[in-house]
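Reading the structure
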Amino acid sequence: MASQNAIGIDLGTTFSAFAYLDRNGMPQTIANLEGDLVTPSAVFFDYGEAVVGREAIKAASYEPEAVAMFAKRDVGKPLYHRPIRGQHLPPEVILAAVLRKLKDDAAIKLDQVEEGVITVPAFFNEPKRKAVMDAGRLAGLKVLDIINEPTAAAIAYGVQAGFVTKDGLVREPETILVYDLGGGTFDVTLMKIEGSAYTALATDGDSQLGGIDWDQRIVQFLAEAFLEKHRIDPREDAAAHQALMREAEEAKRGLSTRSNLTVRFAHQGRRIQVALSREEFESLTADLVQRTIFTADKLLRDARSSWAEITRILLVGGSTRMPMIAAELEQQSGMSVDRSISPDEAVAHGAALYAGFLQRGGRAADRNLAVKNVNSHDLGVLGLEKETGMKRRRTMIPRNTTLPARSRSRFVTHRVNQQRVVIHVVEGGDDSGKNATPIGKCIVSDLPPRLPAKTPVIVQFFYAANGRLSVKAALPDVGVEASTTIEKAYGLSEEELVEWESRIAQGKYLLEVERPKRGVDETEAWFAAPPAADAEPNQDFDGPHVFQENEDSEIFSDLEF
Ligand code: ADP
Ligand code: MG
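Presented here is a report on the structure given in the accompanying data block. (Residues numbered from 1 in each chain as written. Chains lettered and ligands numbered in written order. Predicted model: local features only at pLDDT ≥ 70, side-chain atom pairs only at ≥ 80, totals over all residues. Heavy atoms only, no water.)

1. Some details on the overall build of the protein
Just so we agree on the cut-off: Put simply, DSSP marks the helices as runs of H or I at least four residues long and the strands as runs of E at least two long, and each gets a number from the N terminus on. Per-residue accessibility, obtained with a 1.4 Å probe over protein chains only, is compared with the maximum for each type, and a residue is labelled buried under 20%, exposed over 50%, and partly exposed between these values. Contacts were defined at the residue level, with two residues in contact if any of their heavy atoms lie within 4.5 Å. Only the protein chains shown count as cover for residues, and all accessible areas are computed by the Shrake-Rupley method using a 1.4 Å probe.
On a plain count of helices and strands, the protein comes out with 11 helices and 25 strands. For the protein, with 561 residues in total, the buried portion stands at 53%. Taking as baseline every contact in the protein between residues at least 6 positions apart, the subset at least 24 positions apart corresponds to 65%. Of the roughly 25100 Å² that the protein leaves accessible, carbon and sulfur atoms contribute 47%.

2. Section: the sheet that holds strand 20 (residues 421-427)
Under the convention used in this document: For two strands to pair, DSSP has to find at least two bridges joining them. Axis definition: a line fit to C-alpha positions, over the contact stretch in the case of helices; interaxial angles, taken between N-to-C directions, run 0 to 180 degrees.
Spatially, 4 strands are ordered 18-17-20-21 in an open sheet, and the strand pairing comes out antiparallel. Single-partner strands in this sheet number two, and they are strand 18 (391-397) and strand 21 (437-444). Between one strand and the next, the sheet's axes are offset by a mean angle of 30°, whatever the strand orientation. Bridge analysis of strand 20 against strand 21 gives 7 bridges, and the strand direction is antiparallel. For Val-422, the partnering residue across the bridge sits in strand 21 and is Ile-443.

3. As for the side chain of Lys-103
Stated precisely, the cut-off is as follows: In summary, the charge assignment counts Lys and Arg as positive and Asp and Glu as negative, without counting His or the chain termini. In the sections that follow, a salt bridge refers to a side-chain nitrogen of Lys or Arg positioned within 4 Å of a carboxyl oxygen of Asp or Glu.
Mapped onto the elements, Lys-103 comes out in helix 2 (residues 91-110). It turns out Lys-103 is buried and unbridged, and the closest side chain with the opposite charge, Asp-104, is 4.7 Å from it. The contacts of Lys-103, once residues within four sequence positions are left out, are Ile-7, Val-113, Ala-139, Gly-140 and Leu-141.

4. Focus: the pattern of salt bridges
What the rule picks out here adds up to 22 salt bridges. The shortest N-O distance in the salt bridge between Glu-174 and Arg-312 comes to 3.0 Å. Here Glu-174, found in strand 10 (residues 174-181), pairs with Arg-312, found in strand 15 (residues 312-316); they are 138 residues apart in sequence, far enough to count as distant. On the basis of relative accessible area, Glu-174 is assigned to the buried category, the value being 7%. Across the pair Asp-233 and Arg-235 runs a salt bridge, and its minimum N-O distance is 3.0 Å. On the basis of relative accessibility, which here comes to 15%, the residue Asp-233 falls in the buried class. Given the relative accessible area of 29%, Arg-235 is considered partly exposed. Among the ionic contacts, a cluster of salt bridges with common partners joins Glu-34, Lys-101 and Asp-105.

This is how it looks when you write it as structure tokens:
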């Protein structure tokens, strides 16, 4: 059956999970080849081969230079934040390696896997969504669609916990808070489900807060105990620090089910043995929990909602297994939280259900289950303000608008005899256009000679539910128009994608790296690999589509600013 070979993939920052629909149309998590339900999103570039998952994590302690982790954080940037064996890789390529493992492992269980749905955080902007699509393509997966993680979680909870019927209808209108605390990120989303419409009302988060911060508190606790007893700080030694982090994470997991445990740690022949209670752990990390509550409160305020309006709280992400999370949410909301499905599988399950909907009947919106999304950044146009001549941004579709969304705005040309009008489409930033990310251009060219200044230009935006933005610009007075669909203006170009596809097919993730000959000190050879000569700091690199100051003078806006 066709619906059986589409998979739903939760491509996580630290862990990924994948699921398919069984004969009854219910989602089942697929265990990877190692037998685990979640796979670390880490890739060890063992020369030609890309080794993903548990083994890559292990490799990180002896060959950190060859292991890529947290690549999802770099999505949308041209390159992963550091070189791998001296070579710079786009994050798409690293994620493709992860997706490929999942697809290959799924194929063992399901025979053939060609199609899938991949989830992304609700706040991912256009370039990031495209990058994830491209990663799927590089992995040889036909990406049916991208869906927001909280939407997927709500679908999974809804169908599995029974407040949504199997055909996707909610029995009563629901206002749902999806609280997702993962390995390195926190995301919170307010959703409304009415009939068959799933609407994300607002989304917020903290990109620097996750399970790892809870681990760090235990690391600190253990290191201080070690220091006190042996006058040595194990954190000063990289390998010992790593080992301490592993120990801490294990202890943290233990405290999710036990109220007391003993942590043991040895370094340089010295050892400690420390008792740690859940209560103590909770007081060591209370401020972290409060930070998530602070963000959730802010989200509710932004959405002009309140805890009292929430009908369900859904827990997503491995870190919500810590009892302190549900306890604090219950305290805040005065209601019990839904823990009916496994928090680290919910997103993948929802993605699999959504893949099934798509396979059965095309677009989700045409089916019983209409999945609505919101845009997470303002979308606008850069222009000049009439009175001041200053660069301004006019918002066309404000943040948190339910998709699909349309908008129409009137501008005028700036100069006499303008031959073309360039509409600079931007995402985010402020009203002066500062910090706005250019995401594409719509160019109306071949304007008739001697066109007077202030000729009206009508700009229309159509933002589809799948996140694709169509921009149309028309000069009705002269009957000229142009339109563009924003998908390809950033990230890897078609040519680059084709090249990577063929490199990946040949296992050439890295170019011309030779395995060191036997007999040499391999460790040293690995660590000595110099960074590529053209090493580029990643942060400030904006790709080839940098907004050019002078170009926007060709269009400026009306007084409506
Ligand atoms: P991602 O952020 O990649 O989506 P997950 O949602 O799988 O990742 O969350 C991973 C985090 O969940 C890690 O920090 C891990 O330590 C934590 N975690 C997993 N299981 C437990 C548990 N039983 N108790 C506490 N934390 C857990
Ligand atoms: Mg996650």
